[in-house]
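Listed below are the residues making up each chain.
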Amino acid sequence: MTKNIVVLGSLNADNIMKMPRMPLVGETMALTDVTTAPGGKGANQAVAAARQGANVSFIGAVGNDSNGQFMRATLLTNGVNVDAVTTNSDVPTGSAYIMLQENGANTILIHGGANQALTIADLDTNVIAQADTLIAQFEVPLEVIIAAFKIAKANNVQTILNPAPAVYELTPELMHVTDIILPNETEAQLLSGIAVENDEAVLNRVSNAILAKGVARGIITLGAAGSFVADGDKRWWVKPTKVDAVDTTGAGDTFIGTLASVVDRNFNNLDSAVARASIASAIAVTRAGAIPSIPTKDEVDGF
């Protein structure tokens, strides 16, 4: 069955700066390349879900500028409905500055712009109510996420939370309306207060600390180490597909969008959904860029 997915999130113009390594404090370094590409965690996740065959609608905001037109066009080109994307003439479209090293690692700086100016009034209640799944990240205001998730749960819509970046607390009000949470290792450490290590006992403690905040299940994405799943009392470690990484930008977003496109409403197939999401993210890291690297359904099927 084709899922109807709504993504509430960020739309950014990504400025990608390629460099041999991260510069030291006070050091001047020549970049090897500079490019601009569509991005934002929301946009990445929406495109990932759409490329896996889901029907995807987006709720967000852009500025009244060329980057806003660029982001709208990008979503439309990738089959994402933008009827619920508003234009804010008071602030620019969100932007990100990605420092990409030769080894594929990246460091990202973000200016929220229109993403952070999103309000509860911008939410399209009908679009959320008619969805199978609602995804949100922490690149839009917390009160907007909570309001959207409450609408979703009132209409029996599955909710997926990507707490990235980890700038908000996992409040009981939010956790009560969240079905599954997906932090990466850095975010899991900040949210749990426990140093994350690639050790099963440690990951159990981190997962327990996060689930104790009131959410039923969670997945910690661990990059090259795979992902650790906690579903109620069940725990398992999904080891990664080994590939040669070119660029890790957007790998986590690819994982989330893919997972959302195939996971059952009651999460009965969570193990196979995580396995598919892992393959999709493995393919993504072998390519440059965020949205350009996201694989299609056929590519994941054939991997």
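Basis of the calculations
- Residues numbered from 1 in each chain as written.
- Predicted model: local features only at pLDDT ≥ 70, side-chain atom pairs only at ≥ 80, totals over all residues.
- Heavy atoms only, no water.
- Helix = DSSP H or I, 4+ residues; strand = E, 2+ residues; numbered from the N terminus.
- Expected span 1.5 Å × (residues − 1).
- Buried < 20%, exposed > 50% of the residue type's maximum accessible area, 1.4 Å probe, protein only.
- Contact = heavy atoms within 4.5 Å.
- UniProt positions renumbered as here; feature names shortened; annotations may be inferred.
- Polar contact = N/O pair within 3.5 Å; in protein donor to acceptor, adjacent residues only side chain to side chain.
- Pairing = 2+ DSSP bridges.
- Axes fitted to C-alpha atoms, helices over the stretch in contact; angles between N-to-C directions.
- Arc of directions from axis to C-beta.
- Right-handed = clockwise from strand over helix to strand, strands pointing away.
- Phe/Tyr/Trp six-rings, centres within 6.5 Å; stacked < 30°, edge-to-face > 60°.
- Lys NZ or Arg CZ within 6 Å of the ring centre and 35° of its normal.

Considering helix H9 (residues 270-284)
Reasoning step 1: With 15 residues, H9 should cover 21 Å at 1.5 Å per step; its first-to-last C-alpha distance of 21 Å lies within 8% of that length.
Reasoning step 2: The buried count for H9 comes to 11 of 15 residues, which makes it a mostly enclosed element.
Reasoning step 3: For H9, the set of buried residues is Leu270, Ala273, Val274, Arg276, Ala277, Ser278, Ala280, Ser281, Ala282, Ile283 and Ala284.
Reasoning step 4: Considering only its buried residues, H9 is in contact with strand E10 (180-181), strand E11 (217-221), strand E12 (227-231), strand E13 (234-238), helix H8 (251-262) and helix H10 (297-302).

Remarks on the UniProt feature "domain: Carbohydrate kinase PfkB" (unreviewed entry) in the chain
Reasoning step 1: Per the UniProt record, the feature "domain: Carbohydrate kinase PfkB" (unreviewed entry) sits at residues 3-296.
Reasoning step 2: Each end of residues 3-296 is marked by a C-alpha atom, and these two atoms are 16 Å apart; helix forms 31% of the span and strand 27%.

A short note on the side chain of serine 227
Reasoning step 1: Mapped onto the elements, serine 227 comes out in strand E12.
Reasoning step 2: Contacts of serine 227, omitting those with residues within four sequence positions, involve Ile219, Ile220, Thr221, Leu222, Trp236, Trp237, Val238, Phe255, Val274 and Ser278.

Quick notes on the environment of threonine 87
Reasoning step 1: Structurally, threonine 87 is set in strand E5 (residues 80-88).
Reasoning step 2: With a relative accessible area of 43%, threonine 87 lands in the partly exposed category.
Reasoning step 3: Taking the C-alpha atoms as reference points, threonine 87 and isoleucine 145, separated by 58 residues in sequence, lie 19 Å from one another.
Reasoning step 4: Ignoring sequence-local partners within four residues, the contact set of threonine 87 consists of Val62, Gly63, Asn64 and Arg72.
Reasoning step 5: A distance of 3.0 Å separates the side chain of threonine 87 from the side chain of arginine 72, its partner in a polar contact.

Here's the deal with the sheet that holds strand E6 (residues 94-101)
Reasoning step 1: If you walk across this open sheet you meet the four strands as E3-E2-E6-E7, and the pairing is mixed. Since the sheet does not close on itself, it has two edges, and those belong to strand E3 (33-39) and strand E7 (106-111), each with one partner. Neighbouring strand axes in the sheet, compared pairwise and without regard to direction, differ in orientation by 20° on average.
Reasoning step 2: In this structure, strand E2 (residues 12-19) lies alongside E3, joined through seven bridges in antiparallel fashion. Note that in E3 the partner of aspartate 14 across the bridge is alanine 37.
Reasoning step 3: Sheet contacts for helix H2 (residues 66-77): E2 and E3; angle to E3, the most-contacted strand, approximately 60°.

Focus: the environment of threonine 186
Reasoning step 1: Here threonine 186 lies in helix H6 (residues 185-192).
Reasoning step 2: A relative accessible area of 51% places threonine 186 in the exposed class.

Digging into the side chain of asparagine 44
Reasoning step 1: Assignment of secondary structure puts asparagine 44 in helix H1 (residues 41-51).
Reasoning step 2: Once you skip the residues sitting within four places of it in the chain, asparagine 44 turns out to touch Pro38, Gly39, Gly250, Asp253, Ala290, Ile291 and Ile294.

What about the UniProt feature "binding site: substrate" (unreviewed entry) in the chain?
Reasoning step 1: When the UniProt feature table is mapped to this numbering, "binding site: substrate" (unreviewed entry) covers Asn12, Ala13, Asp14, Gly40, Lys41, Gly42, Ala43, Asn44, Glu139 and Asp253.
Reasoning step 2: Assignment of secondary structure puts lysine 41 in helix H1.
Reasoning step 3: What makes lysine 41 partly exposed here is its relative accessible area of 23%.
Reasoning step 4: What lysine 41 contacts, discounting residues up to four positions off in sequence, is Ser10, Gln137, Glu139, Asn162, Ala164, Pro165 and Asp253.

Points about H6
Reasoning step 1: Looking at H6, one finds that the buried residues are Glu187, Ala188, Leu191 and Ser192. The buried side chains of H6 occupy one side of the element, clustering within an arc of 115° when seen end-on. Exposed positions of H6 whose direction lies more than 90 degrees from the buried face are Thr186 and Leu190.
Reasoning step 2: On its buried face, H6 sits against strand E9 (158-162), helix H7 (200-211) and E11.
Reasoning step 3: Capping of H6 at its N-terminal end is provided by asparagine 184; its side-chain oxygen lies 3.1 Å from the backbone amide nitrogen of threonine 186.
Reasoning step 4: One or two residues past the end of H6 sits glycine 193, with phi positive at roughly 80°.

What about the pairing of strand E4 (residues 55-63)?
Reasoning step 1: Within E4, eight of the nine residues are buried, which leaves it mostly tucked inside the rest of the structure.
Reasoning step 2: Relative to E5, E4 runs parallel, the two being bridged by seven bridges. Its bridge partner lying in E5, glycine 60 is registered against valine 85.
Reasoning step 3: Between the parallel elements E4 and E5, the chain passes through H2 in a crossover that is right-handed.

Things to note about the packing of aromatic side chains
Reasoning step 1: Following the criterion strictly, the structure yields two aromatic pairs and no others.
Reasoning step 2: When the centroid spacing of 4.9 Å and the interplanar angle of 65° are considered together, the rings of phenylalanine 138 and tyrosine 168 count as edge-to-face. Residue phenylalanine 138 is found in the loop between strand E8 (133-137) and helix H4 (142-154), and its partner tyrosine 168 is found in the loop between E9 and helix H5 (172-175); the two are separated by 30 residues along the sequence. Just as phenylalanine 138 is buried, tyrosine 168 falls in that class too.
Reasoning step 3: Considering the side-chain rings of phenylalanine 228 and tryptophan 237, the 6.3 Å spacing of their centres and the 80° angle between planes classify their relative orientation as edge-to-face.
Reasoning step 4: Its relative accessible area of 0% is what places phenylalanine 228 among the buried residues.
Reasoning step 5: Of note, lysine 239 hangs over the ring of tryptophan 237, and the distance from its end group to the ring centre comes to 4.6 Å.

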